[in-house]
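# Analysis of the macromolecular model
Each chain, written out:
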Amino acid sequence: MIGLIGGLALLIFLTMRGMNLLVAGPLCALFVAVLSGLPLFPQLVGEGEANFVGNYMTGFSGFIASWYLMFLLGAIFGKVMEDSGAADSVSKWIVSKLGMKRAVLAIIIACAVLTYGGVSLFVVAFSVYPMAVSLFREANLPRRFIPAALAFGSVTFTMTSAGSPEIQNWIPIEYLGTSPYAGWEVSLIVAVFMMVFGYWWLGKMIKKAISRGESFIARENDPVNEDKALPHPLTGLVPLVVVLIISFVFHDSLQQSALIIALLGGVIATYLLNRKYFKSFWNAVSEGTLGALLALGNTAAVVGFGGVAKAVPAFEVAVNAMTSIPGSPLIGGAIAVSVIAGMTGSASGGQAIALPLLAPHYMDMGVNTEALHRVVAISSGALDSLPHNGYVVTTVRAICGESHQDAYNPVGAVTVIVPLLGVILAIILFSLGLGI
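Residues numbered from 1 in each chain as written. Predicted model: local features only at pLDDT ≥ 70, side-chain atom pairs only at ≥ 80, totals over all residues. Heavy atoms only, no water.

## As for the side chain of Thr235
We apply this condition: By definition, any uninterrupted DSSP run of H or I lasting at least four residues is a helix, any uninterrupted run of E lasting at least two residues is a strand, and each is numbered from the N terminus. Any pair of nitrogen or oxygen atoms within 3.5 Å is treated as a polar contact; in protein, a donor-acceptor pairing is required on top of that, and neighbouring residues in sequence qualify only through side-chain atoms on both sides. Between two residues, a contact is recorded if the distance between any of their heavy atoms is within 4.5 Å.
By the element assignment, Thr235 lies in helix α10 (residues 233–254). Separated by 2.8 Å, the side chain of Thr235 and the backbone oxygen of His232 make a polar contact. For Thr235, the contacting residues outside a window of four places in its chain are Leu273 and Asn274.

## What to know about the packing of helix α5 (residues 103–116) against helix α7 (residues 146–155)
To be explicit about the condition: Every angle, taken between N-to-C directions, lies between 0 and 180 degrees, and every axis is a line fitted to C-alpha atoms, over only the stretch in contact when it is a helix. Two helices that cross are described as forming a left-handed crossing if the nearer one is turned anticlockwise from the farther one by less than a right angle, and a right-handed crossing if clockwise. Gly falls in the polar group here, along with every residue not listed as nonpolar (Ala, Val, Leu, Ile, Met, Phe, Trp, Tyr, Cys, Pro) or charged (Asp, Glu, Lys, Arg).
Across the interface, α5 lies against α7 with an axial gap of 7 Å and an inter-helix angle of 35°. Viewed along their axes, α5 and α7 form a crossing whose handedness is right-handed. When α5 is examined against α7, the residues Val104, Ile107, Ile108, Cys111, Ala112 and Thr115 are found in contact with a partner set consisting of Ala149, Leu150, Phe152, Gly153 and Ser154. Split by residue class, the contact of α5 with α7 holds eight nonpolar, three polar and no charged.

## Considering the pattern of salt bridges
When their charged atoms lie close together, side chains carrying opposite charge are able to pair. Under the convention used in this document: A pair is scored as a salt bridge if a Lys or Arg side-chain nitrogen falls within 4 Å of a carboxyl oxygen belonging to Asp or Glu. Only protein chains enter the calculation, and the probe is 1.4 Å; a residue is then buried if its accessible area is under 20% of its type maximum, exposed if over 50%, and partly exposed in between.
The tally for this structure, following the rule as stated, stands at five salt bridges. Put simply, Arg144 and Glu214 hold a salt bridge, and the shortest N to O gap is 2.8 Å. Residue Arg144 is located in the loop between α6 (121–139) and α7, and its partner Glu214 is located in the loop between α9 (184–211) and α10; the two are separated by 70 residues in the primary sequence. The shortest N-O distance in the salt bridge between Arg212 and Glu214 comes to 3.3 Å. On the basis of relative accessibility, which here comes to 54%, the residue Arg212 falls in the exposed class. Using a relative accessible area of 25% as the deciding quantity, one classes Glu214 as partly exposed.

## Description of the nonpolar core
What counts is decided by this rule: Working definition of a nonpolar core: buried Ala, Val, Leu, Ile, Met, Phe, Trp, Tyr and Cys residues. They are joined through side-chain atoms within 4.5 Å.
By size, the foremost hydrophobic cluster in this structure holds 137 residues, and its most contacted members are Phe71, Ile107, Val128, Leu150, Leu202 and Tyr391. If we ignore the near neighbours within four places in the chain, the residues touching Tyr391 are Leu121, Phe122, Ala125, Leu150, Ala151, Ser154 and Val155.

## What about the state of the cysteines?
Where we set the bar: Here, a disulfide means two cysteine sulfur atoms that sit within 2.5 Å of each other.
This model, assessed by the stated rule, comprises zero disulfides. This cysteine, Cys111, is not joined by any disulfide, and Cys400 carries the nearest cysteine sulfur, 9.7 Å off.

## Overview of the UniProt feature "transmembrane region" (unreviewed entry) in the protein chain
Test applied: UniProt positions are given in the numbering used here, feature names are shortened, and annotations may be inferred rather than shown by experiment.
Here, the residues flagged by UniProt with the feature "transmembrane region" (unreviewed entry) are residues 60–82, 103–129, 181–202, 229–250, 256–273 and 411–434. Between the C-alpha atoms that bound residues 60–82 the distance is 30 Å, and the span itself is 100% helix and 0% strand. Taken end to end, residues 411–434 has its terminal C-alpha atoms 31 Å apart, with 88% of it in helix and 0% in strand.

Structure, rendered in C-alpha coordinates:
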(Lines give C-alpha, C1' and ligand atoms only; values in the text may rest on other atoms or scores of the structure.)
Protein backbone atom coordinates (compact mmCIF):
# COMPACT_ATOMS: atom_id res chain seq x y z
CA MET A 1 0.00 0.00 0.00
CA ILE A 2 2.95 2.34 0.72
CA GLY A 3 4.24 1.54 -2.78
CA LEU A 4 0.87 2.24 -4.42
CA ILE A 5 0.07 5.49 -2.57
CA GLY A 6 3.73 6.57 -2.56
CA GLY A 7 4.04 5.97 -6.31
CA LEU A 8 0.92 8.03 -6.98
CA ALA A 9 2.11 10.84 -4.69
CA LEU A 10 5.54 10.76 -6.38
CA LEU A 11 3.93 10.98 -9.83
CA ILE A 12 1.86 14.00 -8.78
CA PHE A 13 4.94 15.65 -7.18
CA LEU A 14 7.20 15.10 -10.22
CA THR A 15 4.44 16.27 -12.59
CA MET A 16 4.00 19.48 -10.58
CA ARG A 17 7.78 19.98 -10.60
CA GLY A 18 7.77 19.85 -14.40
CA MET A 19 9.61 16.55 -14.94
CA ASN A 20 9.24 14.98 -18.40
CA LEU A 21 6.33 12.53 -18.13
CA LEU A 22 7.96 10.03 -20.46
CA VAL A 23 10.53 9.63 -17.67
CA ALA A 24 8.32 10.27 -14.62
CA GLY A 25 5.61 7.76 -15.67
CA PRO A 26 7.79 4.64 -15.87
CA LEU A 27 9.94 5.78 -12.91
CA CYS A 28 6.92 6.03 -10.59
CA ALA A 29 5.51 2.77 -11.96
CA LEU A 30 8.86 1.12 -11.13
CA PHE A 31 8.59 2.49 -7.57
CA VAL A 32 5.13 0.87 -7.24
CA ALA A 33 6.36 -2.43 -8.72
CA VAL A 34 9.49 -2.71 -6.52
CA LEU A 35 7.68 -1.94 -3.25
CA SER A 36 4.85 -4.31 -4.20
CA GLY A 37 7.15 -7.21 -5.09
CA LEU A 38 5.93 -7.25 -8.72
CA PRO A 39 8.40 -9.07 -11.04
CA LEU A 40 10.13 -6.60 -13.32
CA PHE A 41 10.40 -8.47 -16.63
CA PRO A 42 8.08 -10.76 -18.66
CA GLN A 43 10.83 -13.42 -18.76
CA LEU A 44 10.60 -13.85 -14.97
CA VAL A 45 6.93 -14.86 -14.95
CA GLY A 46 4.61 -17.26 -16.71
CA GLU A 47 2.78 -16.22 -19.87
CA GLY A 48 0.07 -13.64 -19.16
CA GLU A 49 1.17 -13.02 -15.54
CA ALA A 50 1.62 -9.48 -14.18
CA ASN A 51 5.05 -7.85 -14.44
CA PHE A 52 6.35 -4.26 -14.53
CA VAL A 53 7.54 -4.01 -18.16
CA GLY A 54 4.66 -6.02 -19.62
CA ASN A 55 1.90 -4.17 -17.76
CA TYR A 56 3.43 -0.75 -18.30
CA MET A 57 3.86 -1.26 -22.03
CA THR A 58 0.41 -2.82 -22.42
CA GLY A 59 -1.16 0.31 -20.90
CA PHE A 60 1.17 2.61 -22.88
CA SER A 61 0.73 0.94 -26.28
CA GLY A 62 -2.98 0.24 -25.73
CA PHE A 63 -3.69 3.95 -25.33
CA ILE A 64 -1.71 4.79 -28.48
CA ALA A 65 -3.50 2.08 -30.47
CA SER A 66 -6.90 3.43 -29.37
CA TRP A 67 -6.24 7.14 -29.77
CA TYR A 68 -3.44 7.82 -32.30
CA LEU A 69 -5.64 8.78 -35.26
CA MET A 70 -7.94 10.97 -33.13
CA PHE A 71 -4.99 12.83 -31.58
CA LEU A 72 -3.33 13.22 -34.99
CA LEU A 73 -6.40 14.58 -36.78
CA GLY A 74 -7.43 16.69 -33.78
CA ALA A 75 -4.03 18.39 -33.62
CA ILE A 76 -3.94 18.93 -37.41
CA PHE A 77 -7.47 20.39 -37.32
CA GLY A 78 -6.43 22.85 -34.58
CA LYS A 79 -3.32 23.87 -36.54
CA VAL A 80 -5.10 24.43 -39.89
CA MET A 81 -7.76 26.51 -38.08
CA GLU A 82 -4.88 28.55 -36.64
CA ASP A 83 -2.80 28.86 -39.83
CA SER A 84 -5.72 29.87 -42.06
CA GLY A 85 -6.77 32.64 -39.67
CA ALA A 86 -10.15 30.94 -39.12
CA ALA A 87 -9.58 30.80 -35.35
CA ASP A 88 -8.63 34.51 -35.25
CA SER A 89 -11.66 35.41 -37.35
CA VAL A 90 -14.08 33.54 -35.08
CA SER A 91 -12.48 34.94 -31.91
CA LYS A 92 -12.66 38.55 -33.20
CA TRP A 93 -16.33 38.03 -34.10
CA ILE A 94 -17.08 36.58 -30.62
CA VAL A 95 -15.31 39.50 -28.92
CA SER A 96 -17.31 41.97 -31.05
CA LYS A 97 -20.58 40.29 -30.01
CA LEU A 98 -19.85 39.40 -26.37
CA GLY A 99 -17.25 42.05 -25.53
CA MET A 100 -13.73 41.61 -24.19
CA LYS A 101 -15.03 40.78 -20.70
CA ARG A 102 -16.76 37.66 -22.05
CA ALA A 103 -13.68 36.13 -23.77
CA VAL A 104 -13.40 33.35 -21.17
CA LEU A 105 -17.13 32.62 -21.42
CA ALA A 106 -16.79 32.24 -25.20
CA ILE A 107 -14.08 29.58 -24.78
CA ILE A 108 -16.12 27.71 -22.16
CA ILE A 109 -19.21 27.72 -24.40
CA ALA A 110 -17.23 26.53 -27.44
CA CYS A 111 -15.77 23.61 -25.43
CA ALA A 112 -19.15 22.79 -23.89
CA VAL A 113 -20.93 22.66 -27.27
CA LEU A 114 -18.28 20.39 -28.80
CA THR A 115 -18.14 18.11 -25.73
CA TYR A 116 -21.92 17.78 -25.53
CA GLY A 117 -21.92 17.15 -29.28
CA GLY A 118 -19.81 14.02 -28.78
CA VAL A 119 -16.33 15.29 -29.69
CA SER A 120 -13.59 13.71 -27.53
CA LEU A 121 -12.27 15.86 -24.67
CA PHE A 122 -8.69 15.69 -25.97
CA VAL A 123 -9.78 16.76 -29.44
CA VAL A 124 -11.86 19.66 -28.04
CA ALA A 125 -8.73 21.08 -26.39
CA PHE A 126 -6.74 20.82 -29.67
CA SER A 127 -9.61 22.38 -31.65
CA VAL A 128 -10.45 25.32 -29.37
CA TYR A 129 -6.89 26.24 -28.24
CA PRO A 130 -6.05 28.42 -31.28
CA MET A 131 -9.25 30.41 -30.71
CA ALA A 132 -8.49 30.63 -26.97
CA VAL A 133 -5.02 32.12 -27.66
CA SER A 134 -6.60 34.70 -29.98
CA LEU A 135 -9.27 35.62 -27.45
CA PHE A 136 -6.85 35.87 -24.52
CA ARG A 137 -4.50 38.01 -26.65
CA GLU A 138 -7.37 40.32 -27.73
CA ALA A 139 -8.54 40.70 -24.11
CA ASN A 140 -4.96 40.82 -22.69
CA LEU A 141 -5.64 38.07 -20.13
CA PRO A 142 -2.87 35.95 -18.48
CA ARG A 143 -2.44 32.92 -20.73
CA ARG A 144 -1.78 30.52 -17.85
CA PHE A 145 -5.57 30.44 -17.34
CA ILE A 146 -6.25 29.02 -20.84
CA PRO A 147 -5.96 25.36 -19.65
CA ALA A 148 -8.51 26.06 -16.88
CA ALA A 149 -10.97 27.60 -19.36
CA LEU A 150 -10.57 24.66 -21.78
CA ALA A 151 -10.86 22.04 -19.03
CA PHE A 152 -13.81 23.71 -17.32
CA GLY A 153 -15.81 23.81 -20.55
CA SER A 154 -14.97 20.18 -21.36
CA VAL A 155 -14.78 17.97 -18.26
CA THR A 156 -17.26 19.40 -15.76
CA PHE A 157 -20.88 20.37 -16.39
CA THR A 158 -21.13 18.79 -19.89
CA MET A 159 -19.08 15.58 -19.67
CA THR A 160 -21.13 13.93 -16.93
CA SER A 161 -24.55 15.51 -17.51
CA ALA A 162 -27.72 13.71 -18.57
CA GLY A 163 -27.79 13.17 -22.34
CA SER A 164 -24.04 13.64 -22.81
CA PRO A 165 -22.60 11.26 -25.43
CA GLU A 166 -19.25 11.15 -23.58
CA ILE A 167 -18.27 7.69 -22.29
CA GLN A 168 -18.43 8.84 -18.64
CA ASN A 169 -22.22 9.09 -19.01
CA TRP A 170 -22.57 5.77 -20.85
CA ILE A 171 -20.55 3.30 -18.73
CA PRO A 172 -23.18 3.14 -15.89
CA ILE A 173 -25.90 2.11 -18.42
CA GLU A 174 -24.27 -1.30 -18.88
CA TYR A 175 -24.26 -2.07 -15.14
CA LEU A 176 -27.43 -0.31 -13.97
CA GLY A 177 -29.78 -0.76 -16.92
CA THR A 178 -30.50 2.97 -17.05
CA SER A 179 -30.56 5.46 -19.95
CA PRO A 180 -28.21 8.37 -20.85
CA TYR A 181 -30.88 10.72 -19.45
CA ALA A 182 -30.96 9.11 -15.98
CA GLY A 183 -31.74 11.60 -13.22
CA TRP A 184 -32.00 14.47 -15.71
CA GLU A 185 -33.86 16.84 -13.35
CA VAL A 186 -31.08 16.75 -10.75
CA SER A 187 -28.44 16.68 -13.50
CA LEU A 188 -29.80 19.94 -14.95
CA ILE A 189 -29.71 21.72 -11.56
CA VAL A 190 -26.17 20.44 -10.82
CA ALA A 191 -24.92 21.39 -14.30
CA VAL A 192 -26.28 24.95 -13.96
CA PHE A 193 -24.72 25.24 -10.47
CA MET A 194 -21.31 24.00 -11.72
CA MET A 195 -21.42 26.30 -14.75
CA VAL A 196 -22.36 29.45 -12.81
CA PHE A 197 -20.18 28.86 -9.75
CA GLY A 198 -17.16 27.63 -11.75
CA TYR A 199 -17.33 30.56 -14.20
CA TRP A 200 -17.61 33.05 -11.31
CA TRP A 201 -14.63 31.46 -9.51
CA LEU A 202 -12.46 31.32 -12.63
CA GLY A 203 -13.27 34.98 -13.38
CA LYS A 204 -12.34 35.94 -9.82
CA MET A 205 -8.96 34.15 -10.08
CA ILE A 206 -8.21 35.89 -13.40
CA LYS A 207 -9.14 39.32 -11.98
CA LYS A 208 -6.87 38.72 -8.98
CA ALA A 209 -3.97 37.81 -11.32
CA ILE A 210 -4.55 40.95 -13.43
CA SER A 211 -4.60 43.13 -10.29
CA ARG A 212 -1.12 41.72 -9.49
CA GLY A 213 0.11 42.94 -12.88
CA GLU A 214 -0.20 39.74 -14.94
CA SER A 215 -1.08 40.06 -18.63
CA PHE A 216 -0.90 38.12 -21.91
CA ILE A 217 2.69 37.28 -22.86
CA ALA A 218 3.20 36.35 -26.52
CA ARG A 219 5.48 33.48 -27.57
CA GLU A 220 7.55 32.83 -30.66
CA ASN A 221 5.41 29.89 -31.76
CA ASP A 222 2.10 31.77 -31.34
CA PRO A 223 0.13 32.40 -34.50
CA VAL A 224 1.35 35.85 -35.59
CA ASN A 225 -1.37 38.47 -35.28
CA GLU A 226 -0.60 40.17 -38.59
CA ASP A 227 -2.84 42.75 -40.23
CA LYS A 228 -3.64 40.27 -42.95
CA ALA A 229 -7.02 39.57 -44.46
CA LEU A 230 -8.96 37.08 -42.37
CA PRO A 231 -11.65 34.67 -43.56
CA HIS A 232 -15.29 35.49 -42.87
CA PRO A 233 -16.28 34.37 -39.32
CA LEU A 234 -18.88 32.07 -40.89
CA THR A 235 -16.25 30.13 -42.87
CA GLY A 236 -14.30 29.84 -39.62
CA LEU A 237 -17.31 28.45 -37.74
CA VAL A 238 -18.43 25.99 -40.45
CA PRO A 239 -15.52 23.50 -39.88
CA LEU A 240 -16.39 23.33 -36.15
CA VAL A 241 -20.04 22.70 -37.06
CA VAL A 242 -18.94 20.01 -39.58
CA VAL A 243 -17.00 18.19 -36.82
CA LEU A 244 -19.98 18.46 -34.48
CA ILE A 245 -22.58 17.22 -36.98
CA ILE A 246 -20.52 14.30 -38.36
CA SER A 247 -19.54 13.08 -34.88
CA PHE A 248 -23.19 13.33 -33.75
CA VAL A 249 -24.53 11.47 -36.81
CA PHE A 250 -22.06 8.58 -36.60
CA HIS A 251 -21.66 8.43 -32.79
CA ASP A 252 -24.11 5.57 -32.22
CA SER A 253 -22.82 3.36 -35.03
CA LEU A 254 -19.06 4.05 -34.86
CA GLN A 255 -18.67 5.44 -31.31
CA GLN A 256 -15.22 7.01 -30.86
CA SER A 257 -14.20 6.06 -34.41
CA ALA A 258 -16.79 8.60 -35.62
CA LEU A 259 -14.21 11.23 -34.63
CA ILE A 260 -11.84 10.06 -37.36
CA ILE A 261 -14.42 10.91 -40.05
CA ALA A 262 -15.56 14.07 -38.22
CA LEU A 263 -12.08 15.54 -37.80
CA LEU A 264 -11.05 14.65 -41.35
CA GLY A 265 -14.22 16.42 -42.48
CA GLY A 266 -13.23 19.43 -40.37
CA VAL A 267 -9.73 19.60 -41.88
CA ILE A 268 -11.11 19.30 -45.44
CA ALA A 269 -13.81 21.94 -44.75
CA THR A 270 -11.20 24.35 -43.32
CA TYR A 271 -9.00 23.89 -46.39
CA LEU A 272 -11.79 24.23 -48.96
CA LEU A 273 -13.41 27.28 -47.36
CA ASN A 274 -10.25 29.15 -46.35
CA ARG A 275 -7.53 27.91 -48.73
CA LYS A 276 -6.55 31.36 -50.03
CA TYR A 277 -5.84 32.54 -46.45
CA PHE A 278 -3.29 29.83 -45.53
CA LYS A 279 0.33 30.79 -44.91
CA SER A 280 1.39 27.16 -45.44
CA PHE A 281 -1.14 24.35 -45.24
CA TRP A 282 1.47 21.57 -45.21
CA ASN A 283 3.54 23.30 -42.51
CA ALA A 284 0.40 23.41 -40.37
CA VAL A 285 -0.14 19.68 -40.97
CA SER A 286 3.48 18.96 -40.02
CA GLU A 287 3.32 21.05 -36.82
CA GLY A 288 0.03 19.44 -35.87
CA THR A 289 1.55 15.98 -36.31
CA LEU A 290 4.46 16.78 -33.97
CA GLY A 291 2.06 18.26 -31.40
CA ALA A 292 -0.09 15.13 -31.55
CA LEU A 293 2.88 12.82 -30.96
CA LEU A 294 4.00 14.82 -27.91
CA ALA A 295 0.49 14.89 -26.43
CA LEU A 296 -0.05 11.19 -27.13
CA GLY A 297 3.29 10.17 -25.60
CA ASN A 298 2.72 12.22 -22.43
CA THR A 299 -0.74 10.79 -21.90
CA ALA A 300 0.28 7.20 -22.67
CA ALA A 301 3.14 7.50 -20.13
CA VAL A 302 0.57 8.18 -17.39
CA VAL A 303 -1.81 5.45 -18.63
CA GLY A 304 1.11 3.00 -18.43
CA PHE A 305 1.54 3.91 -14.74
CA GLY A 306 -2.13 3.02 -14.23
CA GLY A 307 -1.53 -0.34 -15.91
CA VAL A 308 1.12 -1.20 -13.29
CA ALA A 309 -0.86 0.25 -10.36
CA LYS A 310 -3.89 -1.92 -11.22
CA ALA A 311 -1.73 -5.07 -11.27
CA VAL A 312 -0.38 -4.88 -7.71
CA PRO A 313 -2.19 -6.60 -4.80
CA ALA A 314 -2.58 -3.32 -2.85
CA PHE A 315 -4.82 -1.94 -5.61
CA GLU A 316 -7.31 -4.78 -5.12
CA VAL A 317 -7.27 -4.16 -1.36
CA ALA A 318 -7.93 -0.44 -1.94
CA VAL A 319 -10.77 -1.17 -4.38
CA ASN A 320 -12.38 -3.65 -1.96
CA ALA A 321 -12.18 -1.08 0.85
CA MET A 322 -13.67 1.64 -1.35
CA THR A 323 -16.50 -0.51 -2.70
CA SER A 324 -17.64 -1.77 0.70
CA ILE A 325 -18.23 1.60 2.39
CA PRO A 326 -21.27 1.25 4.72
CA GLY A 327 -24.19 3.68 4.77
CA SER A 328 -25.96 5.42 1.91
CA PRO A 329 -25.29 3.76 -1.48
CA LEU A 330 -25.13 7.20 -3.12
CA ILE A 331 -22.40 8.41 -0.74
CA GLY A 332 -20.53 5.07 -0.89
CA GLY A 333 -20.74 4.95 -4.69
CA ALA A 334 -19.56 8.56 -5.05
CA ILE A 335 -16.55 8.06 -2.76
CA ALA A 336 -15.55 4.72 -4.32
CA VAL A 337 -15.71 5.90 -7.95
CA SER A 338 -14.04 9.24 -7.21
CA VAL A 339 -11.12 7.73 -5.24
CA ILE A 340 -10.49 4.96 -7.80
CA ALA A 341 -10.69 7.54 -10.63
CA GLY A 342 -8.07 9.57 -8.73
CA MET A 343 -5.81 6.54 -8.29
CA THR A 344 -5.98 5.58 -11.97
CA GLY A 345 -6.07 9.16 -13.29
CA SER A 346 -9.14 8.28 -15.32
CA ALA A 347 -12.86 9.03 -14.87
CA SER A 348 -13.91 6.14 -17.11
CA GLY A 349 -11.35 3.89 -15.36
CA GLY A 350 -12.84 4.71 -11.95
CA GLN A 351 -16.31 3.72 -13.17
CA ALA A 352 -15.22 0.60 -15.07
CA ILE A 353 -13.38 -0.77 -12.00
CA ALA A 354 -15.93 0.19 -9.32
CA LEU A 355 -19.31 -0.43 -11.00
CA PRO A 356 -19.03 -4.21 -11.60
CA LEU A 357 -18.49 -4.55 -7.83
CA LEU A 358 -20.86 -1.83 -6.63
CA ALA A 359 -23.87 -2.22 -8.92
CA PRO A 360 -25.11 -5.74 -7.96
CA HIS A 361 -24.61 -5.05 -4.24
CA TYR A 362 -26.45 -1.71 -4.25
CA MET A 363 -29.21 -2.92 -6.59
CA ASP A 364 -29.91 -5.80 -4.14
CA MET A 365 -30.31 -3.10 -1.47
CA GLY A 366 -33.00 -1.48 -3.63
CA VAL A 367 -31.11 1.69 -4.58
CA ASN A 368 -32.69 3.96 -7.19
CA THR A 369 -30.57 3.14 -10.25
CA GLU A 370 -31.19 6.52 -11.94
CA ALA A 371 -29.92 8.38 -8.88
CA LEU A 372 -26.88 6.07 -8.59
CA HIS A 373 -26.11 6.49 -12.32
CA ARG A 374 -26.04 10.28 -12.09
CA VAL A 375 -24.08 10.43 -8.81
CA VAL A 376 -21.48 7.95 -10.12
CA ALA A 377 -21.12 9.86 -13.40
CA ILE A 378 -20.63 13.25 -11.73
CA SER A 379 -18.28 11.89 -9.05
CA SER A 380 -16.05 10.23 -11.69
CA GLY A 381 -15.24 13.71 -13.01
CA ALA A 382 -13.80 15.08 -9.76
CA LEU A 383 -10.59 13.47 -8.40
CA ASP A 384 -9.80 12.12 -11.89
CA SER A 385 -8.47 15.63 -12.71
CA LEU A 386 -5.52 15.49 -10.30
CA PRO A 387 -2.18 16.68 -11.79
CA HIS A 388 -1.27 13.25 -13.26
CA ASN A 389 -4.51 12.85 -15.26
CA GLY A 390 -3.80 12.27 -18.97
CA TYR A 391 -6.16 14.97 -20.18
CA VAL A 392 -4.76 17.52 -17.69
CA VAL A 393 -1.17 16.70 -18.67
CA THR A 394 -1.97 16.93 -22.38
CA THR A 395 -3.89 20.20 -22.08
CA VAL A 396 -1.49 21.97 -19.71
CA ARG A 397 1.83 20.79 -21.18
CA ALA A 398 1.45 19.62 -24.78
CA ILE A 399 -1.35 21.85 -26.08
CA CYS A 400 -1.00 25.06 -24.04
CA GLY A 401 2.75 24.85 -23.37
CA GLU A 402 2.35 25.81 -19.70
CA SER A 403 3.96 24.34 -16.58
CA HIS A 404 1.87 22.62 -13.91
CA GLN A 405 3.26 25.08 -11.36
CA ASP A 406 1.76 28.04 -13.23
CA ALA A 407 -1.43 26.55 -14.63
CA TYR A 408 -2.63 23.68 -12.42
CA ASN A 409 -4.12 25.59 -9.44
CA PRO A 410 -6.97 27.15 -11.47
CA VAL A 411 -7.45 23.85 -13.34
CA GLY A 412 -7.73 21.98 -10.03
CA ALA A 413 -10.18 24.56 -8.64
CA VAL A 414 -12.66 24.26 -11.53
CA THR A 415 -12.23 20.55 -12.38
CA VAL A 416 -11.77 18.96 -8.94
CA ILE A 417 -13.43 21.18 -6.32
CA VAL A 418 -16.40 22.38 -8.44
CA PRO A 419 -17.43 18.81 -9.46
CA LEU A 420 -17.01 17.64 -5.83
CA LEU A 421 -19.46 20.34 -4.77
CA GLY A 422 -21.71 19.21 -7.64
CA VAL A 423 -21.68 15.63 -6.32
CA ILE A 424 -22.63 16.79 -2.83
CA LEU A 425 -25.50 18.85 -4.29
CA ALA A 426 -26.70 15.87 -6.38
CA ILE A 427 -26.71 13.54 -3.34
CA ILE A 428 -28.66 16.11 -1.28
CA LEU A 429 -31.24 16.61 -4.06
CA PHE A 430 -31.72 12.87 -4.63
CA SER A 431 -31.96 12.31 -0.86
CA LEU A 432 -34.77 14.88 -0.76
CA GLY A 433 -36.62 12.82 -3.35
CA LEU A 434 -36.09 15.06 -6.40
CA GLY A 435 -36.08 13.17 -9.70
CA ILE A 436 -36.83 9.81 -8.03
